[in-house]
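Examining the three-dimensional arrangement
Each chain, letter by letter, is given below.
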Protein chains: 2
Amino acid sequence: MDLPTPPQQPGTSADCRPISQMLGRIGDKWTIMTITMLLKGPTRFNQLRRMIGGVSQQMLTRTLRALETDGLVSRQVYPTIPPQVEYSLTDLGRSLAEPLTQLTIWVLDNIEQVERNRADATQPS
Amino acid sequence: MDLPTPPQQPGTSADCRPISQMLGRIGDKWTIMTITMLLKGPTRFNQLRRMIGGVSQQMLTRTLRALETDGLVSRQVYPTIPPQVEYSLTDLGRSLAEPLTQLTIWVLDNIEQVERNRADATQPS
DNA sequence: CGGTATCCTTTCCGATACTG
DNA sequence: CAGTATCGGAAAGGATACCG
């Protein structure tokens with residue numbers, strides 16, 4: 001029941017949509033934050049939640065499930081009481097972390113400039 | 001009338017939300033595609049639209065406006081008939097393009113593996 | 001050509017309640 | 001602790017019509 005390749009003209013160049021879709025997934029802010037945090041090592045659910053900050057339990061769960069499905073994160077359950085679950089990056093996940101880290105560094109370096117530009121655009125006085 | 005810093009516990013670590021927000025913006029798939037395409041040089045609206053593929057006129061307009069507001073893209077209008085509008089990256093935009101390109105390369109290199117992982121997760125037979 | 005305005009559907013995502 | 005289930009408002013985003 002998947003979209004069987006929606007209206008795509010034969011005349012247009014290579015279909016970039018699979019790439020767009022993939023970028024939409026991994027470009028997701030929670031995904032980026034999650035992978036970045038997991039770089040520090042295996043981390044438990046609520047620990048991750050606190051590290052990221054501002055993420056709801058549902059969103060973190062959904063993000064982690066998607067990452068697990070895609071083979072970027074692995075989930076290790078320790079059947080203790082109370083239960084303990086550790087998430088960690090797979091090799092594939094670690095390979096993605098590198099470009100994501102570069103992106104985060106860019107944000108840290110340039111967020112102030114962007115916010116200034118944005119303010120100038122609002123108040124061009 | 002902006003959100004004046006929503007509920008943030010004092011006990012939590014540094015507030016990552018400005019960074020999350022910024023990542024949510026530039027991590028947007030249309031934004032990534034647009035900036036990547038503009039790396040090839042100044043490009044006209046419909047040209048860009050065709051290059052990206054699968055983007056509605058509205059979304060491309062919105063994406064370009066946002067990028068312009070943030071100072072990542074500049075817009076040059078030639079008052080010819082018919083009108084001609086060229087978009088190009090600013091220096092700031094070009095600096096962002098580098099990490100984004102790395103990300104796109106990762107996607108190209110790993111999309112097949114991810115899709116296999118995803119299929120395996122659906123059919124674990 | 002390069003938009004803007006409007007409508008409308010789909011998806012996102014937070015809040016809440018409940019579970020092993 | 002680490003979830004799952006359900007709901008509802010908000011936001012994203014496509015389709016269409018129209019304009020300079």
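Residues numbered from 1 in each chain as written. Chains lettered and ligands numbered in written order. Predicted model: local features only at pLDDT ≥ 70, side-chain atom pairs only at ≥ 80, totals over all residues. Heavy atoms only, no water.

Regarding the sheet that holds strand S2 (residues 73-78) of chain A
Adjacent strands of a sheet form backbone hydrogen bonds with each other and so pair up, either parallel or antiparallel. Residues and elements named next belong to chain A. Our working definition: Two strands pair if DSSP finds at least two bridges between them. Runs of E in the DSSP output that reach at least two residues are strands. Runs of H or I that reach at least four are helices, and both are numbered from the N terminus.
On the basis of which strands lie adjacent, the open sheet formed by 3 strands has the order S1-S3-S2 and antiparallel pairing. Each edge of the open sheet carries a strand with a single partner, namely strand S1 (43-44) and S2. Bridging between S2 and strand S3 (residues 84-89) involves 6 bridges; their strand directions are antiparallel. Residue pairing in the sheet places Gln76 in a bridge with Glu86 of S3.

Overview of the interface of chain A and chain B
Condition: Residue contacts are defined here by distance: any two heavy atoms, one from each residue, within 4.5 Å place the two residues in contact. We define buried area as the total accessible area lost by two parts upon association, computed with a 1.4 Å probe and summed across both. In what follows, salt bridge is the name for a side-chain nitrogen of Lys or Arg lying within 4 Å of a carboxyl oxygen of Asp or Glu. Think of a polar contact as two N or O atoms within 3.5 Å of one another; within protein, one of them needs to be a possible hydrogen donor and the other a possible acceptor, and neighboring residues in sequence only count if both atoms come from side chains. Each residue gets one of three labels, nonpolar for Ala, Val, Leu, Ile, Met, Phe, Trp, Tyr, Cys and Pro, charged for Asp, Glu, Lys and Arg, and polar for the others, Gly among them.
Between chain A and chain B, the contact holds 44 residues from the first and 45 residues from the second. Overall, the association of chain A and chain B removes approximately 3,800 Å² of surface from exposure, summing both partners, and the carbon and sulfur fraction of that is 75%. When the buried area of chain A at its contact with chain B is split by residue, Leu23, Trp106 and Arg118 of chain A rank highest and sum to 17% of it. At the junction of chain A with chain B, the criterion picks out 2 salt bridges. Residues Arg118 of chain B and Asp70 of chain A are paired through a salt bridge, measuring 2.8 Å at the closest nitrogen-oxygen approach. Viewed at the interface, chain B and chain A are joined by 6 residue pairs in polar contact (both at pLDDT 80 or more). Among the elements of the structure, helix H1 (17-26), helix H2 (29-38), helix H3 (45-52) and helix H5 (91-122) of chain A are those that each provide at least two residues to the side of chain A that touches chain B. A per-element tally of the side of chain A that touches chain B places H5 of chain A first, with 18 residues. Of the residues belonging to the side of chain A that touches chain B, the class tally is 24 nonpolar, 14 polar and 6 charged.

Description of the packing of H2 of chain A against helix H1 (residues 17-26) of chain B
Here is the rule: Orientation is described by axes fitted as lines to C-alpha atoms, over the contacting stretch for helices, and by angles from 0 to 180 degrees between their N-to-C directions. By the definition adopted for this analysis, an angle is roughly parallel if under 35 degrees, roughly antiparallel if over 145, roughly perpendicular if from 65 to 115, and oblique otherwise. In this scheme, a crossing is called left-handed if the near helix is turned counterclockwise away from the far one by less than a right angle; it is called right-handed if the turn is clockwise.
Look at H2 of chain A against H1 of chain B: their axes get within 8 Å of each other, and the N-to-C directions meet at 125°. Here H2 of chain A lies oblique to H1 of chain B, going by the angle between them. When the axes of H2 of chain A and H1 of chain B are compared, the crossing they make is right-handed. Two secondary-structure elements touch here, H2 of chain A through Lys29, Trp30, Ile32 and Met33 of chain A and H1 of chain B through Ser20, Gln21, Leu23 and Gly24 of chain B. Broken down by class, the residue content of the contact of H2 of chain A with H1 of chain B amounts to 4 nonpolar, 3 polar and 1 charged.

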